[in-house]
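One letter stands for each residue in the lines below.
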Amino acid sequence: QGQLVESGGGLVQPGGSLTLSCRASMNISTVYDMGWYRRRAPGKQRDLVASTQIGGSTYVPDSMRGRVTVFRDNAKNTLYLRMNNLERDDTAIYYCYSRKSSETRENGNWGQGTQVTVSS
């Protein structure tokens, strides 16, 4: 497993946009599944924000659809999450993950997270 390092978090006003990056130390073109989760408060479970699978398919939960885009740049070994029309409820720590086909997401590879705060 390689390392995942998130960046791009920060303070943004409601209605604003933000792009998070997840830089991987390994070649991501062959990674089975990569994506983003978030944890809104300590002790709460992490919720899926978006994921990408090898071959190019993506998945975004209904709750996020229309506001987020997830994509890989294999040449840069970087996964991105573009979020638009941010709401206060989007305030959370955002985590990047990767996993092999033989792993669950929980047992996969995780970054340390980046804080996103939506506030005026």
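Computed from a prediction, not measured in an experiment: that's the story for all the values here.

Looking at the packing of aromatic side chains
Here is step 1 of the chain: Applying the stated criterion to the full structure yields four aromatic pairs.
Here is step 2 of the chain: Consider the rings of Tyr-37 and Tyr-97, whose centres lie 5.6 Å apart with planes at 70 degrees: the pair is edge-to-face. Taken together, the residues Tyr-37 in strand 4 (residues 33-39) and Tyr-97 in strand 9 (residues 92-99) connect sequence positions 60 residues apart. Across the pair, Tyr-97 and Tyr-37 agree in class, each one buried.
Here is step 3 of the chain: When the ring of Tyr-97 is compared with that of Trp-110, the centres are 5.5 Å apart and the planes differ by 40 degrees; the resulting orientation is tilted. With Tyr-97 in strand 9 and Trp-110 in strand 10 (residues 109-110), the pair connects residues that are 13 residues apart, well separated along the chain.
Here is step 4 of the chain: Residue classification places Tyr-97 among the buried positions, given a relative accessible area of 0%.
Here is step 5 of the chain: Since its relative accessible area comes to 17%, Trp-110 is described here as buried.
Here is step 6 of the chain: By the ring-pair criterion, three or more aromatic residues cluster together here, those being Tyr-37, Tyr-97 and Trp-110.

Here's the deal with the sheet that holds strand 3 (residues 18-24)
Here is step 1 of the chain: Across the sheet, four strands lie side by side as 1-3-8-7; this open sheet has antiparallel pairing. In the strand order of this sheet, the two ends are held by strand 1 (4-7) and strand 7 (68-73), each with one partner. For this sheet the average axis-to-axis angle between neighbouring strands, irrespective of direction, equals 15 degrees.
Here is step 2 of the chain: One ladder, built from four bridges, connects strand 1 with strand 3; its direction is antiparallel. If you follow Glu-6 over to strand 3, its bridge partner there is Cys-22.

Things to note about the nonpolar core
Here is step 1 of the chain: Ranked by size, the top nonpolar core spans 26 residues in total, and within it Leu-20, Trp-36, Val-68, Leu-81, Met-83 and Tyr-94 carry the most contacts.
Here is step 2 of the chain: Taken together, the elements giving at least two residues each to this core come down to strand 3, strand 4, strand 5 (47-53), strand 7, strand 8 (78-83), strand 9 and strand 11 (114-118).
Here is step 3 of the chain: A per-element tally of this core places strand 3 first, with four residues.
Here is step 4 of the chain: Not counting chain neighbours up to four residues away, the residues in contact with Met-83 comprise Gly-16, Ser-17, Leu-18, Leu-20, Arg-67, Val-68, Tyr-94 and Val-116.
Here is step 5 of the chain: Grouped together as the second largest cluster of nonpolar side chains are five residues, Leu-48, Tyr-95, Tyr-97 and Trp-110 included.

Here is what the cut-offs are and how they apply
- Residues numbered from 1 in each chain as written.
- Predicted model: local features only at pLDDT ≥ 70, side-chain atom pairs only at ≥ 80, totals over all residues.
- Heavy atoms only, no water.
- Phe/Tyr/Trp six-rings, centres within 6.5 Å; stacked < 30°, edge-to-face > 60°.
- Helix = DSSP H or I, 4+ residues; strand = E, 2+ residues; numbered from the N terminus.
- Buried < 20%, exposed > 50% of the residue type's maximum accessible area, 1.4 Å probe, protein only.
- Pairing = 2+ DSSP bridges.
- Axes fitted to C-alpha atoms, helices over the stretch in contact; angles between N-to-C directions.
- Core = buried A, V, L, I, M, F, W, Y, C linked by side-chain atoms within 4.5 Å.
- Contact = heavy atoms within 4.5 Å.

So yeah, pure geometry; function would need other evidence.
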